[in-house]
Number of protein chains: 2
Amino acid sequence: MRTGRPRSFDRHEALEGAIAVFWEHGYDATSIAMLTRALGIGAPSLYAAFGDKRALFLEALDRYIRTYGAFTARALAEEPNARDAVERLLREAAAAYTRPDRPRGCLLIAAATNCSPQSADIAARLRELRGVGARALEDKIAAAARTGELPAHTDAHALATFYAAVLQGMSAQARDGAAGTDLEQIADAALQAWPPAADQGASDGVGAAPK
Amino acid sequence: MRTGRPRSFDRHEALEGAIAVFWEHGYDATSIAMLTRALGIGAPSLYAAFGDKRALFLEALDRYIRTYGAFTARALAEEPNARDAVERLLREAAAAYTRPDRPRGCLLIAAATNCSPQSADIAARLRELRGVGARALEDKIAAAARTGELPAHTDAHALATFYAAVLQGMSAQARDGAAGTDLEQIADAALQAWPPAADQGASDGVGAAPK
DNA sequence: TCACTTCTGTAGTGATCGTTCTAGAAGTAC
DNA sequence: GTACTTCTAGAACGATCACTACAGAAGTGA
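We now turn to the structure provided with this report. It should be emphasised that the depicted structure is a prediction, and the values quoted were computed from it without experimental measurement. Within any chain, residue numbers begin from 1 and follow the written order of that chain's sequence. Lettering of chains starts at A and numbering of ligands starts at 1, both following the order in which they are written. Residues qualify for local features only when their pLDDT is at least 70, as the model is predicted, and side-chain atom pairs are given and counted only at 80 or more; totals for whole chains, interfaces and linings, by contrast, use all residues. Side-chain numbers come from the whole structure's heavy atoms, not from hydrogens or water.

### Here's the deal with the overall build of chain A
Working step 1: Segments assigned H or I by DSSP are reported as helices when at least four residues long, segments assigned E as strands when at least two residues long, and all are numbered from the N terminus. Counting secondary structure elements, chain A contains 10 helices and zero strands.
Working step 2: In chain A, the succession of α and β elements from N to C terminus is α-α-α-α-α-α-α-α-α-α.
Working step 3: Working definition: with a 1.4 Å probe on protein chains only, accessible area under 20% of the residue-type maximum means buried, over 50% means exposed, and in between means partly exposed. Taken over 211 residues, chain A has a buried fraction of 48%.
Working step 4: Two residues qualify as a contact provided that any one of their heavy atoms is within 4.5 Å of a heavy atom in the partner residue. Across chain A, the fraction of contacts at a sequence separation of at least 24, relative to all contacts at a separation of at least 6, is 69%.
Working step 5: A 1.4 Å probe and the Shrake-Rupley method give the accessible areas. Residues count as covered only by the protein chains that appear here. Accessible surface computed for chain A: about 10300 Å², of which carbon and sulfur atoms make up 52%.
Working step 6: Here chain A contributes 24 positively and 26 negatively charged side chains, and the mean placements of these two sets differ by 7 Å. Only four residue types enter the charge count, namely Lys and Arg as positive and Asp and Glu as negative; His and the chain termini do not. A charge is said to be at NZ when it belongs to Lys, at CZ for Arg, at CG for Asp and at CD for Glu.

Structure representation (structure tokens):
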């Protein structure tokens, strides 16, 4: 067994609490004092357990992505069709961004939008991770264009950028107080922009050649 | 003529400089030291001319809305059709949010997304002003539903919320480094979600009843 | 019991925050 | 010139920032 005085708090619970505070206020606006108050532990305990503020945030971010934010990767991985994946992504985001028991919006999107120059690396890290997500979406769309789900000439980059922007807009709206139903309607509208299916008879013909 | 030592700087220019700094870094992340450095004046001069940081920001915000951000109100006021207004709004936003000579994105959207609790009133003010813009858009859409430009059953609130979210997403994308062409493609995609025209023969028939 | 290790609470580090005091500079009015 | 007013520069205010030195508490291993 480990020797020495045992830790007086649960590290996992503390990390969850830190996620909540960072999620609510963002990286820069979250002070160590806010964290120690929220977690009910002293600053030295926090530093001993997690390192410094940056390391704590990065660990919280990592955990966030693998839990609260995992629905995005799941939607892309589990839905065979790109259209179904995007629809599921948007609908689950509408719910996830407006849960009453959690901070609003998306931590990955909203935690470092206004940051001081000395936190620029944190903002860059979040931007990079957003880019990874957007590229996964783009790959899904490009694959659909190859399989025939979408027209071969589909601009996967443009479409992925659009839905990435819609997600960012939904997060912003959620943080502005929009209701879950409002976000669902945003999702509905965004899905109207999905390109008409490739013209092969089975489509419903919105984009089909006339006559 | 006014007595006393004359001001050593141009107040108007200083306000423009403050707009640029707040636009780039947001309210909380902008320090007085950053402002005095950028404007080339001392702190007492800044305080004498503008009051405190909050008052300076609010004055910068007011000026921003009537200059850099005025294209939104103009699009809604000058375009007779709601569809044309929204298209112009999105296309001008795509350009305005990615100008190389200005900070990226929209100050009204991005200046207080992560703010400390003691700046909550600033965030609330920005949120309120965003709400004013969204309501103007909603009114424009509702009017179009009354005149027959849009179907009478059009959900103006849902559609306005969608385009408000798209604008917020475009601002976020611009701040993430997206190119002007990327934002134009977002605008194009978002316009695909515009409802089909009311069925009265003169429409181009995308949503017209078949045969 | 006693050494050893690890954690906790108090208090304090230097830096930076927004803001202001104070002394003097730079103008007008007479 | 002198009086008066207004602005500027430097220094400093208390508060808060992220972070840590230090001393004692609380456990294990002998």
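### Points about the interface of chain B and chain A
Accessible area lost during the coming together of the parts is what is often quoted as the interface size.
Working step 1: Each partner contributes to the interface: chain B provides 35 residues, whereas chain A provides 35 residues.
Working step 2: Of the roughly 2800 Å² buried at the junction of chain B and chain A (both faces included), carbon and sulfur atoms supply 54%.
Working step 3: Accessible area, probed at 1.4 Å, shrinks when two parts are joined; the buried area is that loss added up over both. It is Asn114, Phe162 and Asp176 of chain B that lose the most area in chain B upon contact with chain A, and together they represent 21% of the buried surface on that side.
Working step 4: For this analysis, a salt bridge means a side-chain nitrogen from Lys or Arg found within 4 Å of a carboxyl oxygen belonging to Asp or Glu. For the interface between chain B and chain A, the tally reads two salt bridges.
Working step 5: Notably, a salt bridge pairs Arg130 of chain B with Asp176 of chain A, separated by 2.8 Å at the nearest N-O pair.
Working step 6: Per element, the largest residue contribution to the side of chain B that touches chain A is 12 residues, and it comes from helix α9 (residues 156–175) of chain B.
Working step 7: When residue character is reported, Ala, Val, Leu, Ile, Met, Phe, Trp, Tyr, Cys and Pro are called nonpolar, Asp, Glu, Lys and Arg charged, and the others, Gly included, polar. When grouped by side-chain class, the residues that make up the side of chain B that touches chain A number 17 nonpolar, 12 polar and six charged.

### Considerations on the state of the cysteines
A covalent bond between the sulfur atoms of two cysteines is what we call a disulfide.
Working step 1: Cysteine sulfur atoms are paired as a disulfide whenever they come within 2.5 Å of each other. Overall, the coordinates contain zero disulfides over all chains when judged by the stated rule.
Working step 2: Between Cys106 of chain A, a free cysteine, and Cys115 of chain A, which holds the nearest cysteine sulfur, the sulfur-to-sulfur gap is 16 Å.
Working step 3: The structure places no disulfide on Cys115 of chain B, whose sulfur is separated from the nearest cysteine sulfur, that of Cys115 of chain A, by 14 Å.

### Points about the pattern of salt bridges
Residues and elements named next belong to chain A.
Working step 1: This structure, assessed with the given rule, holds 26 salt bridges over all chains.
Working step 2: For Glu128, the salt bridge goes to Arg125, with nearest N and O atoms at 3.3 Å. Taken together, the residues Glu128 and Arg125, both in helix α8 (residues 120–147) and three residues apart, mark about one turn of the helix.
Working step 3: Note on Glu128: relative accessible area 45%, which makes it partly exposed.
Working step 4: Among the charged side chains, a salt-bridge network with shared partners connects Glu78, Glu79, Arg88 and Glu92.

### Concerning the side chain of Thr161 of chain B
Working step 1: With respect to the helices and strands, the residue Thr161 of chain B is situated in helix α9.
Working step 2: Here His157 of chain B takes part through its backbone oxygen, which lies 2.7 Å from a polar atom of the side chain of Thr161 of chain B.
Working step 3: Residue contacts for Thr161 of chain B: discarding those within four places in its chain leaves Gln173, Asp182 and Ile186 of chain A. Any pair of N or O atoms that falls within 3.5 Å is considered a polar contact. Within protein, one atom must be able to donate a hydrogen and the other to accept it, and sequence-neighbouring residues count only if both atoms are side-chain atoms.

### Remarks on the side chain of Lys140 of chain B
Working step 1: Mapping Lys140 of chain B onto the fold places it in helix α8 (residues 120–147).
Working step 2: Leaving out residues up to four positions away in the same chain, Lys140 of chain B has contacts with Leu76, Glu79, Pro80, Asn81, Ala82 and Ala85 of chain B.

### Focus: the protein's contact with DNA strand C
Working step 1: We call a residue near a molecule or strand whenever a single non-hydrogen atom of that residue lies within 4 Å of it. Taken together, 25 residues sit near DNA strand C, with Gly4, Arg5 and Ser8 of chain A together with Ile32 and Tyr47 of chain B positioned nearest.
Working step 2: Counting only the atoms of DNA strand C that lie within 4 Å of the protein, the sugar and phosphate share comes to 70%.
Working step 3: Between DNA strand C and the protein, one listed contact pairs a base oxygen with a backbone N or O atom of Arg5 of chain A at 3.0 Å.
Working step 4: A distance of 3.3 Å separates a phosphate oxygen of DNA strand C from a polar atom in the backbone of Thr30 of chain B.

### Digging into helix α3 (residues 43–50) of chain A
Residue pairs spaced three or four apart in an α-helix point in one direction, given the helix's 3.6 residues per turn.
All names here are of chain A.
Working step 1: For α3, the full list of buried residues reads Leu46, Ala49 and Phe50. When α3 is viewed along its axis, its buried side chains cluster within an angular range of 75° and face the same direction. Exposed residues pointing more than 90 degrees away from the buried face of α3 are listed as Pro44 and Ala48.
Working step 2: Elements in contact with the buried residues of α3: α1 (11–25), α2 (32–39) and α4 (53–66). Here, the arc refers to the directions that run from the helix axis to the C-beta atoms.

### Section: the nonpolar core
Working step 1: Counting residues in each nonpolar core, the largest one holds 138 residues, and the members touching the most others are Tyr97 of chain A together with Tyr97 of chain B.
Working step 2: Not counting residues up to four positions away in its chain, the partners in contact with Tyr97 of chain B are Phe71, Arg104, Gly105, Cys106, Ile109, Leu167, Met170, Ser171, Ala174 and Leu183 of chain B. Take the buried residues of types Ala, Val, Leu, Ile, Met, Phe, Trp, Tyr and Cys, join any two whose side-chain atoms come within 4.5 Å, and each joined set is a nonpolar core.

Geometry only, nothing functional implied.
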